Each structure stands twice: as C-alpha cells, then as structure tokens.
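Residues per chain are reported as follows:
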Amino acid sequence: MWPIEPAMTDATTPPSPTLITLGCRLNTYESEVMRSHASEAGLNDAVIINTCAVTSEAVRSARQAIRRAAKDHPGAPILVTGCAAQVDPAMFAAMPEVTRVIGNHEKMQAETWKPATLLGGHEKVRVNDIMSVRETAAHLIDGMEGRARAYVQVQNGCDHRCTFCIIPYGRGNSRSVPAGEVVAQVRRLVETGHHEVVLTGVDLTSWGADLPGAPQLGNLVQRILKLVPDLAQLRISSIDAIEIDDALVEALSDVRLAPYMHLSLQHGDDLILKRMKRRHSRDQAIALTQRLRDARPDMAFGADLIAGFPTETEAHFENSLRLVEECGISFLHAFPYSPRPGTPAARMPQVAKAEIKVRAARLRAAGDEALAVHLARHVGTVADALVERGATARLPDFTPLQIEGDLPPAGRVARTHITGHNNTHLVGTLA
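- The name an unreviewed UniProt entry gives the protein chain is tRNA-i(6)A37 thiotransferase enzyme MiaB, with Hyphomonas oceanitis SCH89 as the organism.
- Per UniProt, the protein chain carries the Cofactor (unreviewed entry) text "[4Fe-4S] cluster".

In structure tokens form, the structure reads like this:
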C-alpha cells in the first residue's frame, strides 16, 4: 500500500461527505469520484469508508475506522465500500455501525448514491459479482480535494493470481479505460491548473490488452505527452516489472515523464517468486532497473518486498536483502508477510511470526540505508520541487523535501537549494 497524502480543507470548502480512504492511490482517485456523486445527491452528512483488503491488517484497520467514524459522527449514515467490502460484504453488514455495504463496481455509479436508491428499502448489501464486470469507464473529476497532484484511473482489475493476493477478487479481471478518454481527463486536469498527473490502476502495465489492437501502456504514455503538451509532469504509479514495454522505455526520453518507477518486485529469490506465482526472475528485475537507468540516468526506484513469505529460508531472504542494492532501490516498502484467508499462500507452510518480524526489520533497515545514500546524492544541487502542503514538497524523482521559509501554495513548483538531509527527506531553501 502507498501512503495517502492527507486532504486539506478550509473554511471556504463547501459541505461534502466525509471520506475515509484506506489503501492505494486508486482508492484515493475513486474516493474523489464518490465524493462528487454523493455531494450531487445531497449526502453531505454521510461518512464513506473506502476499504482495502490487501492484508488481514488492512481489514482490521477498516473495521476500526468504521467504529471510530460512528463515534465521531453520531447519527450519520456509515457507507462502507472498497476491496474489503467487496470480498466479504457479510462481515461488514453484520457490524451494527454500518448503514450500507456497497460494491467496488457500484460505488463508481452516480445512480448508486441517490438517496432513494441507496437508503431506500431494507437491503443492507449492494454488492454484485465483480467478475462479471467487463468495462471500466473514465470518471471526469477536476482534481483531488486538497492535493497537489491529480490521479487518473486508466485500468482496473487483474488477470493474474499471485498466491498471496486477494485483490483480483475485490477488483475483478483486468479492464482498460480507452486512450481517448484518458487523454480527455488529463487535458481537463491540466486546464484546471494541475502541474502533475499520476496514472493509476490495479495492474497498470496490463492496460490496453482488452482494447482493440491491444495497445500497451507505453503507447498511452506517449500519446498523453504528445496530445497534452501543456502537461508539466506525468507520473506512473506502481507497475509490474515484467510487463514494461519498449514504448514506455522510449517515453523516458521526454523529461516531462517523471524519472521514478515503483516496481512490484515482492521478492529477490527465484524459488519464492515461483511460489508466489510472480512472472519475473531475480535476474530480470536487475536487468530491468539497469535498462531504465540507461534510458534515464536520473531514474530512481521504489519497490515492494515481502519478508517471511511461506517456506522462505534465511538464504531466500538474503537474496531479497541483496536485491535492494543490486536494483538500486531508494524507496523500499517492506511488508511482513501475513496470511490472507482465501489465498493459496495461507495454506502453505508458514514462517514463524517472530522470524518474520525480525526479517522485516532487517529489510526496512536496508531500505533506510539505501534512502540515506540516495538523499546524499542530492545535497548541494538545485532542483524544482512540487509543493504538497505545509513545508513539504517532492522532486520529480519522488524524493521528499522540506523547504525552509515561505512557500508558494500547494500545487506550485518551488526552485530549491538542497542543503542537507535528515535520513528521511531532503532539507533546502528557496533559490
């Protein structure tokens, strides 16, 4: 899961439903669509909780958020949706705090949020078979409430079945938004003043496989850069390393494509990758990062790695540990494995919880060291950074930066002298 940038509000913000978003960037985008639909329907007193199902801990967090919301908003309708609600609607429907449980497909439909539809009758669960959904439409929004950058959903669902992952059962099979609709959405966001647009999806590199002619993600990226010349920066969300196509590598020659890739690697040992049903090998991951750096020398990488996957030995884990340096991963998301009921991995021989905790800590320590090295490379340079909120900003390669002194408002670019770092982010002053 990616951390969610907190939304900002002020006294001039019009009334709108309370959105609690857990999980990924795609959920963040979808929450803005739901906010728009619910506001237009007059559900301004509702609390909408957009859940995540990626781990058992994520489901537990969703239940906690529901109970907290009921205490903080007494009497308000509590509307629960997202992947956890799609996978196990009965569990959430059994919670007395919950007013309605809404499926992942239903939540994106304006009709769902009309009070007569949503709150009429006694049916508490509005969740259909997600595997029956065959299309994903673009949902036009003018931006993300209180955020410096905007997300555009270009794809949903996943056709792969990694043994640790429940998400396909929450999102359905892969389906793509047609390129023309994506370009129109990006153009609209640029026209409303957004400096940066992020393409997001569940399995982003599978975009286009279900469209006529089976275009690839690189084709879409090149088309956006060509047809929206006023777009200052395009960023790509988390992607599957094995599916990066030649056109996407070629697109890196355009400096408007952010020099950052977050790779879904998950492990550094070939046997564990096979047991995960991942489709790349260790050597392919290393070769890919080198190829991308050759195409764009200022490229930085993030990655997801799981510690303590079932059957993982110390030798297997050491291969993951070494992968951080061998791939040059600067922004590591290290996850301790936790069995997700309903997945094949949950039925495999498990690693002891205490050992998983130790290995995850070692993996995080390696990530911290790699980040410190990455930050040190920037010290003494001058760079443009997108202001997010407060005194925080990010460089094009996603490096966080804290700027001293008065700043432009969120969404603007600040030219900055980078004077140092504190092992987690850069420190600088306005140039």
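## Some points on the side chain of Asn-104
And then number 1: Topologically, Asn-104 is positioned in the loop between strand 4 (100-102) and helix 5 (115-118).
And then number 2: A polar atom in the side chain of Asn-104 sits 2.8 Å from the side chain of Lys-107.
And then number 3: Excluding anything up to four places from it in sequence, Asn-104 contacts Thr-81, Gly-82, Cys-83, Gln-86, Ile-130, Gly-170 and Arg-171.

## Considerations on the packing of helix 12 (residues 314-326) against helix 13 (residues 353-378)
And then number 1: Direction vectors running N to C along helix 12 and helix 13 enclose 20°, while the axes themselves pass 9 Å from each other. With respect to each other, helix 12 and helix 13 are oriented roughly parallel. The way helix 12 lies across helix 13 gives a crossing that is right-handed. Side by side, helix 12 and helix 13 meet where Glu-314, Phe-317, Glu-318, Ser-320, Leu-321 and Val-324 of the first sit next to Glu-355, Arg-359, Arg-362, Leu-363, Ala-366 and Ala-370 of the second.
And then number 2: Here the residues of the contact of helix 12 with helix 13 are counted per class, giving six nonpolar, one polar and five charged.

## Focus on the sheet that holds strand 11 (residues 260-266)
To summarise the sheet geometry, strands pair through backbone hydrogen bonds and adopt either a parallel or an antiparallel arrangement.
And then number 1: Sheet architecture is open: three strands sit in the order 11-12-13, paired in parallel fashion. Single-partner strands in this sheet number two, and they are strand 11 and strand 13 (329-336). Here the strands of the sheet are splayed against their neighbours by 20° on average, with no regard to which way each runs.
And then number 2: Strand direction decides the pairing type here: strand 11 and strand 12 (residues 300-307), joined by six bridges, are parallel.

## Side note on the packing of aromatic side chains
And then number 1: Using the criterion set out here, one finds five aromatic pairs in the structure.
And then number 2: The interplanar angle of 80° and the centroid separation of 6.4 Å between the aromatic rings of Phe-331 and Phe-398 together place this pair among those described as edge-to-face. Of the two residues, Phe-331 sits in strand 13 while Phe-398 sits in the loop between strand 15 (392-394) and strand 16 (400-404), which places them 67 residues apart along the sequence.
And then number 3: A relative accessible area of 11% means that Phe-331 is categorised as buried.
And then number 4: A relative accessible area of 9% means that Phe-398 is categorised as buried.
And then number 5: Each residue in the set Phe-164, Phe-309 and Tyr-337 is aromatic and connected to the rest through ring pairs, giving one cluster.
And then number 6: Here Arg-394 stacks its cationic end above the ring of Phe-398, 4.0 Å away from the centre of that ring.

Criteria and cut-off values
Residues numbered from 1 in each chain as written. Predicted model: local features only at pLDDT ≥ 70, side-chain atom pairs only at ≥ 80, totals over all residues. Heavy atoms only, no water. UniProt positions renumbered as here; feature names shortened; annotations may be inferred. Helix = DSSP H or I, 4+ residues; strand = E, 2+ residues; numbered from the N terminus. Polar contact = N/O pair within 3.5 Å; in protein donor to acceptor, adjacent residues only side chain to side chain. Contact = heavy atoms within 4.5 Å. Axes fitted to C-alpha atoms, helices over the stretch in contact; angles between N-to-C directions. Parallel < 35°, antiparallel > 145°, perpendicular 65-115°, else oblique. Left-handed = near helix turned anticlockwise from the far one by under 90°. Nonpolar A, V, L, I, M, F, W, Y, C, P; charged D, E, K, R; others polar. Pairing = 2+ DSSP bridges. Phe/Tyr/Trp six-rings, centres within 6.5 Å; stacked < 30°, edge-to-face > 60°. Buried < 20%, exposed > 50% of the residue type's maximum accessible area, 1.4 Å probe, protein only. Lys NZ or Arg CZ within 6 Å of the ring centre and 35° of its normal.

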